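Here is how the chains run, residue by residue.
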Amino acid sequence: MRSERAWGLRPRLLEFLIESAQVLEVSPTVKYTALSLFADRFYPRFSTFKAGSDIANWLLQPLRESNLQLFALVSIWISSKIHNSTPLSIKSLKSLGDKVIKEQHFTNRDFLEAEVVLMQVLNFEIGAVDIAFVFLEELLLQLREVAKVGDLVNFEACMDVMDLLYEKEETSAEHCSPRSLAASTLVASYVITVPKQRWEFPILPWAHFMVLLVSTETMFDACAYGKTYI
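All of the points below concern the structure found in this document. Just so it is clear, the model here is predicted, and its values are computed rather than measured.

All right, on to the overall build of the protein then. A count of helical and extended segments in the protein gives eleven helices and zero strands. Its helices and strands in sequence order give the protein the pattern α-α-α-α-α-α-α-α-α-α-α, from N to C terminus. Considering only contacts within the protein whose residues lie at least 6 apart along the sequence, 73% involve residues at least 24 apart.

Attention shifts here to unusual backbone geometry. Backbone geometry places Glu 25, a non-glycine residue, at a positive phi of 55°. In this structure, Glu 25 sits in the loop between helix H2 (10-24) and helix H3 (28-46). Of note in the backbone geometry, Asn 123 takes a positive phi value of approximately 55° without being a glycine. Positionally, Asn 123 belongs in the loop between helix H6 (108-121) and helix H7 (132-146).

Moving on, we come to H6. Taking 1.5 Å per residue as the helical rise, H6 with its 14 residues ought to reach 20 Å, and the 20 Å between its terminal C-alpha atoms agrees with that figure. Here H6 has its buried residues at Asp 110, Phe 111, Ala 114, Glu 115, Val 117, Leu 118, Met 119 and Val 121.

Turning our eyes to something else, we now look at the packing of aromatic side chains. All told, the structure shown has six aromatic pairs when counted by the stated rule. Ring geometry for Phe 38 versus Phe 42: centroids 5.8 Å apart, planes at 25°, classification stacked. Taken together, the positions of Phe 38 and Phe 42, both in helix H3 and four residues apart, correspond to about one turn of that helix. In this pair, the class of Phe 38 matches that of Phe 42, namely buried. Both rings, one in Phe 201 and one in Trp 206, keep their centres 5.8 Å apart while their planes meet at 70°; by these two values the pair is edge-to-face. Considered together, Phe 201 and Trp 206 belong to a single accessibility category, that of buried residues. Here a set of aromatic residues connected by ring pairs shows up, and it is made of Phe 38, Phe 42, Tyr 43 and Phe 71. Between the NZ or CZ atom of Lys 81 and the centre of the ring of Trp 77, over which it lies, the distance is 3.9 Å.

Right, let's get into the pattern of salt bridges. All chains considered together, the criterion is met by four salt bridges. We note a salt bridge from Asp 98 to Lys 94, for which the minimum N-O separation is 2.9 Å. Pair noted here: Asp 98 and Lys 94 are both in helix H5 (residues 90-100), with a separation of four residues, about one helical turn. According to the relative accessible area criterion, Lys 94 is buried, its value standing at 18%.

Parameters and conventions
Residues numbered from 1 in each chain as written. Predicted model: local features only at pLDDT ≥ 70, side-chain atom pairs only at ≥ 80, totals over all residues. Heavy atoms only, no water. Helix = DSSP H or I, 4+ residues; strand = E, 2+ residues; numbered from the N terminus. Contact = heavy atoms within 4.5 Å. Expected span 1.5 Å × (residues − 1). Buried < 20%, exposed > 50% of the residue type's maximum accessible area, 1.4 Å probe, protein only. Phe/Tyr/Trp six-rings, centres within 6.5 Å; stacked < 30°, edge-to-face > 60°. Lys NZ or Arg CZ within 6 Å of the ring centre and 35° of its normal. Salt bridge = Lys/Arg side-chain N within 4 Å of Asp/Glu carboxyl O.

All we've got here are geometric facts, nothing functional implied.
This is the structure in structure tokens:
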């Protein structure tokens, strides 16, 4: 698969991951950590690999859509291991894969091999630090502390907006940091769910300031700025 075609498949693959997370009934934290592992970190790196690279594996060369779907499921699996005391079983993942991956049948061994390959592509850096969903939770908490209108922001709408933004190539890690994605999600959700007559809070400049601030200071320190608008 040529890298151009692989990038063209990105929205469909992310939709596949999101729908798979819903079927597996994982928590939002597991889902968005999986999205970060797959969309922000794995997906941009594998497209740079060429034949003869250090990571030579049949799952990467040649790369098929079905293989990428396997890696999407494995990303959810790894994320569940990070966040859950009882992670997803390989049985549940394989059962889902058998139903939704049409082009190829993967065995338990294939899932285990894909897990190792994915971690190799990520240089075994699978920490869940820069996760857009975590920043979104922090931003919404801060907004609710500094302005009553924050209580009107619907959190379910926030997750729906984040899903849509993730499926856009323009919001990939190459173009949009996790903090910026979280801020964009919050602003869009504010506009969608808060009644227009309650738009007294300057959400856009506040969110922009918070994104700049958290790179050097904690979110707690940012409260002082927001309170000046109450």
